[in-house]
Amino acid sequence: MRARVPFKNSVSKKRLAEAEEFIHSELKKGKQEEITRTLKIIAFSLYMFLGFGEKRVKHFLDNLSALMDESDELFWDRVDNVLFDKLHLDDYFSREDYDEREDLLK
């Protein structure tokens, strides 16, 4: 005869919280590594294809960091307007659905 122990009773709440924290930290670490690799390839591309030197690449990265701190919906709407209406980058990006993003953050 087998004894079945329900999962919720076999692992303490503390252990579940620790596991959840570990998963979140690993996902965050992976996301940070992906962002870093993307920025590195952008900096490399600026150097190789557009002739940017050290000073211009650093200036670009500093300004990019400042822009990434923006979280205002109006700012991101303006970014979309420039990318799609002025630069016509529809083949590279898609407009953000701010209502959907807001629902995900809830």
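Residue indices follow the written sequence of each chain, beginning from 1 at its first position. Local features in this predicted model are restricted to residues whose pLDDT is 70 or higher, and side-chain atom pairs enter the listing and the counts only when it is 80 or higher, whereas totals over whole chains, interfaces and linings include all residues. Remark: hydrogens and water are excluded; side-chain values derive from all non-hydrogen atoms of the structure.

1. Regarding the packing of aromatic side chains
Any pair of Phe, Tyr and Trp rings, taking the six-membered ring for Trp, is counted once the centres come within 6.5 Å. Such a pair is stacked with planes under 30 degrees apart, edge-to-face with planes over 60 apart, and tilted for the rest. Inspection of every chain in the model, using the stated rule, returns one aromatic pair. Consider the rings of Phe75 and Trp76, whose centres lie 5.2 Å apart with planes at 80 degrees: the pair is edge-to-face. Accessible area is worked out with a 1.4 Å probe on protein chains only. A residue is then buried under 20% of its type maximum, exposed over 50%, and partly exposed in between. Residue class for Trp76 comes out partly exposed when judged on its relative accessible area of 21%. Arg56 extends its terminal NZ or CZ atom over the ring of Phe52, reaching a point 3.8 Å from the ring centre. A positively charged side chain is recorded as over a ring if its NZ (Lys) or CZ (Arg) lies within 6 Å of the ring centre. The angle to the ring normal must also be within 35 degrees.

2. Looking at helix α4 (residues 73-86)
Note on conventions: DSSP H or I runs of at least 4 residues are helices, E runs of at least 2 residues are strands, and numbering of each starts at the N terminus. Here the expected length of a helix is defined as 1.5 Å per residue gap, with one fewer gap than residues. End to end, α4 covers 19 Å across 14 residues, agreeing with the expected 20 Å (1.5 Å per residue, within 8%). Regarding α4, the residues found buried are Asp80, Leu83 and Phe84. Each buried residue of α4 lies within a common arc of 85 degrees when the element is viewed along its axis, so the set occupies one face. Across from the buried face of α4, at angles greater than 90 degrees, the exposed residues are Leu74, Arg78 and Lys86. For this quantity, the arc is that covered by the directions from the helix axis to the C-beta atoms.

3. Considerations on a negative patch on the surface
Patch construction takes residues with relative accessible area above 30% that form no salt bridge. Like charges are linked within 9 Å, and nonpolar side chains (Val, Leu, Ile, Met, Phe, Trp, Tyr) are linked within 5 Å. Each accessible area value is a Shrake-Rupley result obtained with a 1.4 Å probe; residue values ignore everything except the protein chains displayed when judging cover. Salt bridge, as used here: a side-chain nitrogen of Lys or Arg that lies within 4 Å of a carboxyl oxygen of Asp or Glu. Counting rule for charge: Lys and Arg are taken as positive, Asp and Glu as negative, and neither His nor the chain ends is counted. In this description, the location of a charge corresponds to atom NZ of lysine, CZ of arginine, CG of aspartate or CD of glutamate. On the surface, Asp69, Glu70, Asp72, Glu73, Asp77, Asp97, Asp99, Glu100, Glu102 and Asp103 cluster together to form a negatively charged patch. Those elements that place two or more of their residues in the negative patch are α4 and α5 (98-105). Here the negative patch takes four residues from α5, the largest share from any one element. Here Asp99 is to be found in helix α5. The exposed category is assigned to Asp99, whose relative accessible area is 57%.

4. Description of unusual backbone geometry
One non-glycine residue, His88, adopts positive backbone phi at about 55 degrees. Examined against the element boundaries, His88 turns out to sit in the loop between α4 and α5.

5. Considering the side chain of Asp80
Tracing the chain through its elements places Asp80 in helix α4. Contacts are assigned to residue pairs with any non-hydrogen atoms lying within 4.5 Å of each other. Apart from residues no more than four positions distant in its own chain, Asp80 is found in contact with Asp85, Arg95, Glu96 and Tyr98.

6. Structural notes on the environment of Glu102
Tracing the chain through its elements places Glu102 in helix α5. When the C-alpha positions of Glu102 and Glu73 are compared, they lie 10.0 Å apart, and in sequence the two are 29 residues distant.

7. A closer look at the layout of surface pockets
Considering only enclosed or pocket space, the largest pocket measures out at about 640 Å³ in volume. Listing elements by their share of the lining of the largest pocket, those giving two or more residues are α2 (13-50), α3 (54-68) and α4. When residues of the lining of the largest pocket are assigned to their parent elements, the largest contribution, eight residues, is made by α2. Any residue outside Ala, Val, Leu, Ile, Met, Phe, Trp, Tyr, Cys, Pro, Asp, Glu, Lys and Arg is labelled polar, Gly included; the first ten of those are nonpolar and the last four are charged. Partitioned by chemical class, the residues of the lining of the largest pocket number twelve nonpolar, three polar and one charged. Computed over the protein atoms alone on a 1 Å grid, cavities are sets of points where a 1.4 Å probe fits but cannot get out and pockets are open sets with protein on both sides within 12 Å along at least five of seven lines; a residue lines them when it has an atom within 4 Å of a point. Grid points are joined across faces, edges and corners, and a volume is the space filled by probe spheres set on the points.

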